[in-house]
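# Examining the three-dimensional arrangement
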Amino acid sequence: MTDILSSSTNTNQPGRLYVVATPIGNLGDISHRVIQTLSTVDLIACEDTRHTKKLCRHLNISTPLVSYFREREQEKAETLLEMLRVGKHIALVSDAGTPAICDPGAILVKKARAAGINIEAISGPSALATALSIAGLTQSNFFFGGFLSANSTERRRFLKTISTLPFTLIFYESPHRISAALVDMEAILGNRQAQLFRELTKIYEECLEGPISIIQERVKSGVKGELVLIVQGAKPPPAEQPDNLEDLLLWYRDELQSSLKDAVSRIASDLDLPRSQVYKKALAIWQTTA
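Since the model is a prediction, treat every value here as computed from it, not as a measurement. (Residues numbered from 1 in each chain as written. Predicted model: local features only at pLDDT ≥ 70, side-chain atom pairs only at ≥ 80, totals over all residues. Heavy atoms only, no water.)

Side chains that are three or four residues apart share a direction in an α-helix, a result of its 3.6 residues per turn. Regarding helix α10 (residues 245–254), the residues found buried are L245, L248, L249, W251, Y252 and R253. The distance from a side-chain oxygen at the start of α10 to the backbone nitrogen of E246 is 3.3 Å, and the residue carrying that oxygen is N244. (Buried < 20%, exposed > 50% of the residue type's maximum accessible area, 1.4 Å probe, protein only. Helix = DSSP H or I, 4+ residues; strand = E, 2+ residues; numbered from the N terminus. Polar contact = N/O pair within 3.5 Å; in protein donor to acceptor, adjacent residues only side chain to side chain.)

Below, the structure written as structure tokens:
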């Protein structure tokens, strides 16, 4: 890295930062512009040099690589910024997809912009856009939650803050956390309809679709690959929602056609009431129609 910095031949003009999207699975998705950029810049900053080295070898690209991973992102950004200042052109890539969207990159982009460095996006694949394009959603508004916390308490707290949003909810998730995340979602959001996309653009691409509980059953024994989860947004509340527990339970049962389990989960969460208290009242109401 020191050699690259000291060998600069242009100290008058700053370099340019290229934010380069790379394939999320299928290498056939790479563009001519991506290949040209990665071949001609002075340096490629990548999330994992081992991963990007395979891509470069496949494309016959010999540009030097430097690691730029989340744990040392702040420190690495300063070093790369100095290179940009003295005229080096740098391409920023993640392991797959578009950098700085739930991947390292945002810190470097922010610093470069503040320093007056020219930044150019080399657009391409994104797991978020790819999943949306084949989900069949007719609603244009959505909320992207990125990766949820690995901590269940924090995860549930966050889900509660977005539980009433009337927009489609979209998340990235890892294979070893998806089952627990779906359990928390059902508890906080209710048993909403959802789609789980796995291994997008790859040979074993798959979409699991149905209520959250059904998808959770299908993945609890294990799942592999990168995951994008799309969850139905909250139904808009009525103009006049009942304000006491008994009437609210009746409204959930008769107007929304909710199951006892879903009604208890939503009401206990929304009103911050003990689940046992709501369940006892709900059981009495549901039994009147049994």
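Spatially, β3-β2-β4-β1-β5 is the arrangement adopted by the five strands of the open sheet, whose pairing is parallel. The sheet is open, and its two edges are formed by β3 (65–67) and β5 (118–122), each paired on a single side. Across this sheet, the average inter-strand angle for adjacent strands is 25 degrees, counted without regard to direction. Pairing of strand β2 (residues 43–46) with β3 involves three bridges; the strand directions are parallel. In the strand pairing of β3, C46 is matched with S67. Lying over the sheet, helix α3 (residues 49–59) contacts β2, β3 and β4 (90–93), oriented at roughly 155 degrees with respect to β3. Each of β1 (16–20), β4 and β5 is contacted by helix α5 (residues 106–114), which is oriented at about 150 degrees to β1, the strand it contacts most. (Pairing = 2+ DSSP bridges. Axes fitted to C-alpha atoms, helices over the stretch in contact; angles between N-to-C directions. Contact = heavy atoms within 4.5 Å.)

You can see T63 is positioned in the loop between α3 and β3. In sequence terms T63 and L43 are 20 residues apart; their C-alpha atoms lie 6.1 Å from each other. Contact partners of T63, with chain neighbours within four places excluded, come to L38, S39, V41, D42, L43 and I44. A polar contact of 2.6 Å, which involves the side chain of T63, links it to the backbone oxygen of L38.

Let's shift gears to the packing of helix α8 (residues 178–189) against helix α11 (residues 260–271). The contact between α8 and α11 brings their axes to 7 Å, and the two run at 80 degrees. On the basis of the axis angle, α8 is roughly perpendicular to α11. Residue-level inspection shows E186, A187, I188 and L189 of α8 in contact with α11, the latter providing K261, S265, R266 and S269. Of the residues in the contact of α8 with α11, the class split is three nonpolar, two polar and three charged. (Parallel < 35°, antiparallel > 145°, perpendicular 65-115°, else oblique. Nonpolar A, V, L, I, M, F, W, Y, C, P; charged D, E, K, R; others polar.)

Within the chain, A100 stands out as a residue other than glycine whose phi angle is a positive 70 degrees. Among the secondary structure elements, A100 is positioned in the loop between β4 and α5. In this structure A100 comes out as partly exposed when scored by relative accessible area, which is 30%. With a phi close to 70 degrees, T201 is a non-glycine residue in the positive phi region. With respect to the helices and strands, T201 occurs in the loop between β8 (193–198) and β9 (206–211).

Our next topic: the sheet that holds strand β10 (residues 227–231). Pairing is mixed in the open sheet, where five strands are placed in the order β6-β7-β10-β8-β9. Only two strands of the sheet have a single neighbouring strand rather than two, namely β6 (142–147) and β9. With strand direction ignored, the average angle separating the axes of adjacent strands in the sheet is 15 degrees. The pairing of β8 with β10 spans five bridges and is antiparallel. Each bridged residue has a counterpart across the sheet, and for F197 the counterpart in β10 is V228.

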